[in-house]
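Listed below are the residues making up each chain.
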Amino acid sequence: MKAMRPVVLVLIAVIAAVIGWLATLSTNRFSMPTPVLPTSALVTMGVIAGLTLVMGVRVLRWRNGKKKNLLNPILAARTLILAQACAYAGTLLLGWHAGIAVDLLRIGTLRSGEGILWNALLMGGGGVVMIVVGLVVERFCRIPPEDIEGGTSGPETRRGETKGEGEYAYRGD
């Protein structure tokens, strides 16, 4: 599984911000309510981030050798997938609500939508928390590189060279 790239997360956030801004423009034009999540969604976002963090700490403890029992590989894979999903969902929420906040700041003097602006800023902050938790837990799930033959630090074998006596040579042609 490939690690998340921050550039992709930024791109997703920018696209979601543009879509959120356009959605806010169109809903305001037709006198519909602003498409922002209620503050009760922060509880759900907190539960998701907390669960992801708890599962990530379990993997980290096993990786650092503090747990004696074997880690279930399915649990580790699910933790990694949950961490990536948490970061992607946080990116979408941050982008969407940033687009809404930009539109509300633009027309702030014309409308008394301060409550909606604070709501959008809170949701964006919750998205940032989800992104950070997702990236940190993904880092927890990385396995460190193993030492080469007993921990001796010497020149590594290159492609096309043999590792030792009695092994097959690999010809890189």
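Note that the coordinates shown come from a computational prediction; the quantities given were computed from them, not determined experimentally. (Residues numbered from 1 in each chain as written. Predicted model: local features only at pLDDT ≥ 70, side-chain atom pairs only at ≥ 80, totals over all residues. Heavy atoms only, no water.)

A.B. asks: Let's hear about the overall build of the chain: which residues, and what values?
C.D. replies: Across its full length, the chain holds 4 helices and 0 strands. Seen in sequence order, the chain has helices and strands lined up from the N terminus as α-α-α-α. Looking at the chain residue by residue over its 173 residues, the buried ones come to 31%. Within the chain, contacts between residues separated by at least 24 positions form 80% of all contacts whose residues are at least 6 apart in sequence. As presented, the chain carries roughly 12,000 Å² of accessible surface, and 64% of it is formed by carbon and sulfur atoms. (Helix = DSSP H or I, 4+ residues; strand = E, 2+ residues; numbered from the N terminus. Buried < 20%, exposed > 50% of the residue type's maximum accessible area, 1.4 Å probe, protein only. Contact = heavy atoms within 4.5 Å. Areas by Shrake-Rupley, 256 points an atom, 1.4 Å probe, with all protein chains shown as cover.)

A.B. asks: How would you summarise a nonpolar patch on the surface if you had to cite specific residues and measurements?
C.D. replies: Together, Val-10, Val-14, Val-18, Trp-21, Leu-22 and Val-102 line one region of the surface with nonpolar side chains, adding up to about 520 Å² of accessible area. For the nonpolar patch, the element with the most residues is helix α1 (residues 6-29), which contributes 5 residues. Along the polypeptide, Val-18 turns up in helix α1. (Patch = residues over 30% accessible without salt bridge, like charges linked within 9 Å, V, L, I, M, F, W, Y side chains within 5 Å. Salt bridge = Lys/Arg side-chain N within 4 Å of Asp/Glu carboxyl O.)

A.B. asks: Explain the side chain of Asn-119 residue by residue, including any values.
C.D. replies: Mapped onto the secondary structure, Asn-119 falls in helix α4 (residues 114-140). In contact with Asn-119, other than residues within four places in its own chain, are Val-36, Leu-37, Pro-38 and Thr-39.

A.B. asks: Got a sec to walk through unusual backbone geometry? Specific residues and values, please.
C.D. replies: The phi torsion at Ser-31 lies on the positive side, around 55 degrees, for a residue other than glycine. Locating Ser-31 in the fold gives a position in the loop between α1 and α2 (41-63).

A.B. asks: Can you break down a positive patch on the surface residue by residue, with the values?
C.D. replies: Taken together, the side chains of Arg-58, Arg-61, Lys-66 and Lys-67 make up a positively charged region of the molecular surface. Along the polypeptide, Arg-61 turns up in helix α2. Classification of Arg-61 by relative accessible area gives partly exposed; the value is 42%. (Lys, Arg positive; Asp, Glu negative; His and termini not counted. Charge placed at Lys NZ, Arg CZ, Asp CG, Glu CD.)

A.B. asks: Report on the packing of α1 against helix α3 (residues 73-106), specifying residues and quantitative values.
C.D. replies: Across the interface, α1 lies against α3 with an axial gap of 7 Å and an inter-helix angle of 40 degrees. Taken as axis vectors, α1 and α3 run oblique relative to one another. Seen along the crossing, α1 lies across α3 with a hand that is right-handed. On the side of α1, the interface is formed by Leu-9, Ile-12, Ala-13, Ala-16, Ala-17, Ile-19, Gly-20, Trp-21, Ala-23, Thr-24, Leu-25 and Asn-28, while α3 contributes Ala-87, Tyr-88, Thr-91, Leu-92, Gly-95, Trp-96, Gly-99, Ile-100, Val-102, Asp-103 and Arg-106. For the contact of α1 with α3, the class distribution of residues is 15 nonpolar, 6 polar and 2 charged. (Axes fitted to C-alpha atoms, helices over the stretch in contact; angles between N-to-C directions. Parallel < 35°, antiparallel > 145°, perpendicular 65-115°, else oblique. Left-handed = near helix turned anticlockwise from the far one by under 90°. Nonpolar A, V, L, I, M, F, W, Y, C, P; charged D, E, K, R; others polar.)

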